[in-house]
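# Observations on the three-dimensional arrangement
What follows is each chain in one-letter form.
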Amino acid sequence: MDKSKIPEIGNQLYQLIEKLYPICRSITGNGNRKTLQIIKKIIPIDIKEVPTGTKVFDWTVPKEWNINDAYVKDSSGNKIIDFKNSNLHIVNYSKPIHTTLTLKELKDHLNTLPDYPDWIPYKTSYYQDQWGFCLSFNDLKKIKEDNYEVFVDSELSIGSLTYGEYYIKGELEDEVLISTHICHPSMCNDNLSAISIATYLAEYIQNIKNKFSYRIIFIPATIGAITWLALNEKNLYKIKYGLVLALLGDEGKFNYKRSRLGNSSIDKLIQFVLSTKNFDHAIQNFTPYGYDERQFCSPGINLPMGTIMRTPNKKFPEYHTSADNLNFVKSSKLAESLELLTNIIDTIEFNQKYINLFPKCEPQLGRRGIYNSVAGNINDLEYAILWLLNYSDGNHDLIDIAEKSGLDLKLLNSAGKILLEKKLITISN
Amino acid sequence: MDKSKIPEIGNQLYQLIEKLYPICRSITGNGNRKTLQIIKKIIPIDIKEVPTGTKVFDWTVPKEWNINDAYVKDSSGNKIIDFKNSNLHIVNYSKPIHTTLTLKELKDHLNTLPDYPDWIPYKTSYYQDQWGFCLSFNDLKKIKEDNYEVFVDSELSIGSLTYGEYYIKGELEDEVLISTHICHPSMCNDNLSAISIATYLAEYIQNIKNKFSYRIIFIPATIGAITWLALNEKNLYKIKYGLVLALLGDEGKFNYKRSRLGNSSIDKLIQFVLSTKNFDHAIQNFTPYGYDERQFCSPGINLPMGTIMRTPNKKFPEYHTSADNLNFVKSSKLAESLELLTNIIDTIEFNQKYINLFPKCEPQLGRRGIYNSVAGNINDLEYAILWLLNYSDGNHDLIDIAEKSGLDLKLLNSAGKILLEKKLITISN
Amino acid sequence: MDKSKIPEIGNQLYQLIEKLYPICRSITGNGNRKTLQIIKKIIPIDIKEVPTGTKVFDWTVPKEWNINDAYVKDSSGNKIIDFKNSNLHIVNYSKPIHTTLTLKELKDHLNTLPDYPDWIPYKTSYYQDQWGFCLSFNDLKKIKEDNYEVFVDSELSIGSLTYGEYYIKGELEDEVLISTHICHPSMCNDNLSAISIATYLAEYIQNIKNKFSYRIIFIPATIGAITWLALNEKNLYKIKYGLVLALLGDEGKFNYKRSRLGNSSIDKLIQFVLSTKNFDHAIQNFTPYGYDERQFCSPGINLPMGTIMRTPNKKFPEYHTSADNLNFVKSSKLAESLELLTNIIDTIEFNQKYINLFPKCEPQLGRRGIYNSVAGNINDLEYAILWLLNYSDGNHDLIDIAEKSGLDLKLLNSAGKILLEKKLITISN
């Protein structure tokens, strides 16, 4: 990536976050539709609707949730909590209610963060017949004994689960799956950062001559991933590399979480990119907790799918609070995250496996004009040619050869093009 | 184990050693029968007799050896060596003799330990047409030129090899084999310590609701193990875990010697128990020398059978001498050894392998009331449930999952019970 | 090797180098024939001729090159470059030419080494329609503006490629292949050192009672190896161990370059010899560049064939220059190289795999008179016998057992002979 373009790209990524920040998203509902419509102005995603009641593995697509308003009013008519001020004030998926409660009764429905008294926590009540509000601990302390009018103008009704999908056809049927969750309201790092990155990464991919086919999905967490997997089960075999994107705008270093397979194609590739491109990073083993890798890497699905984050979930205090706001994410960090991901895409595209068509001894390169070594002198390209020929045995891809030889992937890629043209190797699919 | 009970348990273990100490055992004979009868008062072992001459692999059950008396008398009629004072004075399996010898002739039949001049060595002459005496080096120095009456009142006759076996049936046919040798006369660490531990460990097992079946065998070393293996060859496939017990009463740390397989079920399990339960210990690889692991881990038998000791054979000077006496073993150490072994049994019983019945994505735990996580909060049990579901793929047992997750085995066991009850997993046999 | 014999053996090795040094070798031609005739006076090699035009995999045996004379003469008739002074003055495989050139034109055909101004470089123009001269940079600087007569009295004609092969039949059809290149003119380390070592190593082998069959080949690099492999392809399966010899006379430590297989029979064996015999050494992984391991370890050939060198090619400045002369190689180092190689041969011969014929429990050794251990005492040979019996399971050879047990290979070999004689084990082929 051209270093001079980083400020511009960072701004673009940040501006999309700004646009999406006010919308109240959830696992279903109009907030998600609005979000996907904004993305669709940048990349031509399909917006899909899966009806309430659809069976997806052990789950069922739930009723659609929409909310117009919600507040708590004291007896003087003052709104002491007002959804209009923050989407986080309402426990996400709260059922409709209109009633009057004592302070004691009300408190059973209030959530705060005593350790961070200025912040509003983010809570959900999916699949529970519940309602609740969230507020700062400092605001809670101000609430006095009184009778309170509670109003949640939400709706739980037959509708659908909405997600976005963008398929970019390549030369091959083999697919790269990129997934990010869209169910979080008004939090920037989790997960508007990754939504923005995924959008502009898709834009990047559609402008290269891609060999692999790419599928970028914007889905609600858990139920969205389960729904997508259930509907697409018979095509999962096409997925050669997969990536879950999350938490890509904070100032922490990169964290790559391996696929459940532990040493899959994507694990090898991302570790290679992170180390050869000198991104500050850490690597973790798979755990069955976190984001949608929980589903993509469940034992009966078990895709070669890793997770790219900066600071992992629960490892920063702003996580799932109102402090995960527009100040928390940095445009320069967003730009660097996109840079890493374009490097990953480039490497996926480069990382061919070839078959040497002349595996018995070396083919005569000199007669084909691609080897001018005279008694012991050899240039880097000739050396790369020898490595590529020797290890193009069906067991080694370009990354393997780069790691064995210490040679640069681009140089090996150039060697590959020459050998292909000279019909000394063929592409292994 | 309840810490307050250790003195009591230690005393019990020690008292059994005291009771068995005076008996002259060998690879066959009445000493072994008497020993097994004493054990039978505590646990209901079967006492088996295998006739002299029985072919067992490359070996033959030898003649039975019994001894009434043995001494060396000087010309004045003083017994200068007297079997009645120590079972170790006679070379074990000495043939009968009654003769008169010069000192020079006698010396060819005497064994001492010049480095430890007060101790009597332990020697055997199995399968050799020999006789001999053992005495302290200091006593040897006192012996003067004289004619000596040598009398060994032993008998080598058609009889049988005697061993004890206690089978504790469990829910499964799968077996745990525990073996200890009973052929050593009047030495406490080698091997009355392990005989006592095996006896009370069997008592412990019969009082639990055991899933595995257990077989505890009390056998003479080498020929006893070979005999048992030859007679039971067709049932060896049932053995899922095996343990040789020896040298469990001294003050050294634990030494676990791996099975020949090197990374078998028992190896993984014992290393897990030793490290997670913080027993001071060392691990060694298999060597084809030591105790009956030589037979259990011979290449054509090759059981998943390790050896638990404290200080290994030949690594303490008292080994195979009269100094391996009632002062050398400590009741507190015996109690700790039993504690380790009960931990091993508990872990064997815990260490289930399950199969996730809903392997495609996570099953919906919330609807089954076993997952109350709200937007990013999760308790330890829920976390254990996720780990167990994800790795219950037929390839990982509970120890594997404990090692991968860092979670406690008991917590995973609790998670397993809940998931079994909810019919989300099944037991893998 | 008897230390007192090293000076004598070193001299013998050095004298053969002296004899071969003046000859102008190439990939074909009379120089090679003369070289092989000299070797044939020491060991009875077959000298083989493969006609020009023979197809060998992707290559064709080239025209034969011979040269009588070559010089550059100034206008006063002084020879300023004269092939008669050094074989390196002519670019190897230069086509015939007789012409007159200006200094500027001449310079296009001159090669020097500015960094080492006294040395003549070694250059080749195989498979190119070229001619050229090599000279020291200091000599180049002396050449003035003039018209120069250039004369290369060489011949490129239908003939053959010549190589030498010595097959030493052993008890087994299994073969050990030893290869060294003979195409370099007048350089001592590269590769007269290895030619001399290979010759005397063959003499050593023919004087032992060899179990393996040995094939020692003296071939021109690249085309010679390709030719040999193409002609012998159907017998390659017999090769159990292979070694490329090169660069064995300098003062550097040994460098072993692994086969492409990475952990093949030869790799394990040579690492074992180098470390247990305390030769100063380094180990490198395979790279598809260097000597004829490029062909022997191409992916479609992939023999268990490593390369033994001292300082590797390109890692010493004298490499491929006139400074790789009779002063550069040392007789003591040549002798040590031969010592290493005889150790390797001895270990290959020793390194038997046995099968225990009594794998169920230990066989009764005492009754066969080969185990006198009495209650815990055991000597080294008895211990070796137990190790050998336990691991003679078809998966472990003597080197594996030596590594597992820490026992000396000779001791294990003695144990093997005893157990063979007692019919307790058999040889595994």
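Before reading further, recall that the structure is shown in the block above.
The rules behind each value
- Residues numbered from 1 in each chain as written.
- Chains lettered and ligands numbered in written order.
- Predicted model: local features only at pLDDT ≥ 70, side-chain atom pairs only at ≥ 80, totals over all residues.
- Heavy atoms only, no water.
- Pairing = 2+ DSSP bridges.
- Helix = DSSP H or I, 4+ residues; strand = E, 2+ residues; numbered from the N terminus.
- Axes fitted to C-alpha atoms, helices over the stretch in contact; angles between N-to-C directions.
- Contact = heavy atoms within 4.5 Å.
- Buried area = accessible area lost by both parts, 1.4 Å probe.
- Salt bridge = Lys/Arg side-chain N within 4 Å of Asp/Glu carboxyl O.
- Least-squares fit on C-alpha atoms with pLDDT ≥ 70 in both.
- Parallel < 35°, antiparallel > 145°, perpendicular 65-115°, else oblique.
- Left-handed = near helix turned anticlockwise from the far one by under 90°.
- Buried < 20%, exposed > 50% of the residue type's maximum accessible area, 1.4 Å probe, protein only.
- Right-handed = clockwise from strand over helix to strand, strands pointing away.

## A look at the sheet that holds strand β9 (residues 147-157) of chain B
Residue and element names in this part refer to chain B. Spatially, the four strands line up as an open sheet ordered β5-β4-β9-β6, and their pairing is antiparallel. Since the sheet does not close on itself, it has two edges, and those belong to β5 (79-82) and β6 (97-102), each with one partner. In this sheet, neighbouring strand axes are inclined to one another by 20° on average, regardless of whether the strands run parallel or antiparallel. Bridge analysis of strand β4 (residues 64-73) against β5 gives three bridges, and the strand direction is antiparallel. Paired with Tyr 71 across the strands is Asp 82, a residue of β5.

## Description of the interface of chain A and chain B
Tallying the contact residues gives 25 residues for chain A and 23 residues for chain B. For the pair chain A and chain B, the summed buried area comes to about 2200 Å², and 51% of that belongs to carbon and sulfur atoms. A per-residue breakdown of the area chain A buries against chain B is headed by Asp58(A), Pro288(A) and Tyr289(A), which together make up 28% of the total. Seen at the junction of chain A and chain B, the total is five salt bridges. The partner of Lys360(B) in a salt bridge is Glu233(A), with the nearest N and O atoms 2.5 Å apart.

## What to know about the relation of the copies chain A and chain B
Mapping between the two chain copies consists of a rotation about an axis together with a translation along that axis. With an RMSD of 0.1 Å, the fit of chain A onto chain B corresponds to turning through 120° and sliding 0.2 Å along the axis. In symmetry terms, the pair is related by a three-fold rotation axis. Across chain A, the rotation axis passes nearest the C-alpha of Asn263(A), at a separation of 12 Å.

## Quick look at the sheet that holds strand β13 (residues 239-245) of chain A
Residues and elements named next belong to chain A. As summarised here, the arrangement of the eight strands in space is β1-β10-β12-β11-β13-β16-β14-β15, forming an open sheet in which the pairing is mixed. Looking at the sheet topology across the chains shown, the edges are occupied by β1 (46-51) and β15 (281-284). Going from strand to strand, the sheet's axes swing by 20° on average, the running direction of each strand aside. Across four bridges, β13 lies against strand β16 (residues 305-309) in parallel orientation. Its bridge partner being in β16, Val 244 is matched across the sheet by Thr 307. The strands touched by helix α2 (residues 30-40) within the sheet are β1, β10 (160-168) and β12 (213-219), with β10 carrying the most contacts at an inclination of about 20°. Helix-sheet contacts for helix α7 (residues 265-276) involve β13, β14 (254-257), β15 and β16, and the interaxial angle to β13 is about 60°.

## As for the packing of helix α1 (residues 6-20) of chain B against helix α5 (residues 188-206) of chain B
Residues and elements named next belong to chain B. For the pair α1 and α5, the least separation of the axes is 9 Å and the interaxial angle reads 125°. Between α1 and α5, the angle is such that the two are oblique. Handedness of the α1/α5 crossing: right-handed. Residues Gln 12, Leu 13, Leu 16, Ile 17 and Leu 20 of α1 form the contact with α5, whose own contacting residues are Cys 188, Leu 192, Ser 193, Ile 195, Ser 196, Ile 197, Thr 199 and Tyr 200.

## Here's the deal with the pairing of β16(A)
Each regular strand carries side chains that alternate between the two faces of the sheet. All names here are of chain A. The buried fraction of β16 is high, at five of five residues. Of the two faces of β16, the one lined by Met 305, Thr 307 and Met 309 and the one lined by Gly 306 and Ile 308 are each fully buried. Across three bridges, the pairing between β14 and β16 is antiparallel. Bridge pairing in β16 places Tyr 256 opposite Ile 308.

## Some points on the pairing of β15(A)
Residue and element names in this part refer to chain A. One ladder, built from four bridges, connects β14 with β15; its direction is parallel. In the sheet register, Phe 254 faces β15, and the bridge partner there is His 281. Crossover β14 to β15 through α7 is right-handed.

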